[in-house]
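Here is what each chain is made of, one letter per residue.
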Amino acid sequence: QNFRLPEMLAAIGCAAAEMLPVMIERKKNIHSWYEEFIATHEELKGLKLQKCSDGDEPVWWLTSALLPNKMSGEKVGMQLMKDYPDIEIRPGFFPLGSMGIFKSKWAKACPNAEALYHGLVCLPSSHQLTKPDIERVCNALADAFQKVASSGDATGSDSS
């Protein structure tokens, strides 16, 4: 085996690469729609989306949001899945330092990774989403926020 890229796969890759600028523009639109609709909800006032600095050219491949006041991403996600099963929202990425394979006497605590894991949610970001889809996601997110906040345990702390 010489591991060369077969011509057919190379042709598919080249065709896909031609669509990259369109996809990047589409992802920018999706991110801006999230900014627009989140701003219309008082319930989502403390929610923070990723930001970029002047001069940056971001590729918003995945839109993530940091929840306010140590609100639990897991609780918000579970409420949203219960009420809106067709909207997929995911928690932040699991901190590698918490995985058994990476634990050692040299490993150090990483509180920022832990905080992000507990308070970050990854919002639907498919390039096929439309502006009304994003509006619906934001409405559902506001509804889930309100229900979790009124439940009395928005932080996800365990009393057991």
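Before reading further, recall that the structure is shown in the block above.
The rules behind the values
Residues numbered from 1 in each chain as written. Predicted model: local features only at pLDDT ≥ 70, side-chain atom pairs only at ≥ 80, totals over all residues. Heavy atoms only, no water. Helix = DSSP H or I, 4+ residues; strand = E, 2+ residues; numbered from the N terminus. Buried < 20%, exposed > 50% of the residue type's maximum accessible area, 1.4 Å probe, protein only. Lys, Arg positive; Asp, Glu negative; His and termini not counted. Salt bridge = Lys/Arg side-chain N within 4 Å of Asp/Glu carboxyl O. Contact = heavy atoms within 4.5 Å. Disulfide = S-S within 2.5 Å. Pairing = 2+ DSSP bridges.

### Focus: the side chain of Lys 27
- Relative to the elements of secondary structure, Lys 27 occurs in helix H2 (residues 20-38).
- The buried charged residue Lys 27 lacks any salt bridge partner; its closest oppositely charged side chain belongs to Asp 133, at an N-O distance of 12 Å.
- Residue contacts for Lys 27: discarding those within four places in its chain leaves Trp 60, Trp 61, Ser 125, Ser 126 and His 127.

### Remarks on the state of the cysteines
- Summed over the entire model, instances satisfying the criterion amount to zero disulfides.
- Cysteine Cys 122 remains unbridged, with the sulfur of Cys 138 as its closest cysteine sulfur at 15 Å.

### Let's talk about the sheet that holds strand S2 (residues 64-66)
- What the four strands build is an open sheet, ordered S1-S2-S4-S3; its pairing is antiparallel. In this open sheet, the two edge strands, each paired with only one partner strand, are strand S1 (48-49) and strand S3 (90-91).
- Pairing geometry for S1 and S2, over two bridges, is antiparallel. What sits directly across from Leu 49, in S2, is Ala 65.

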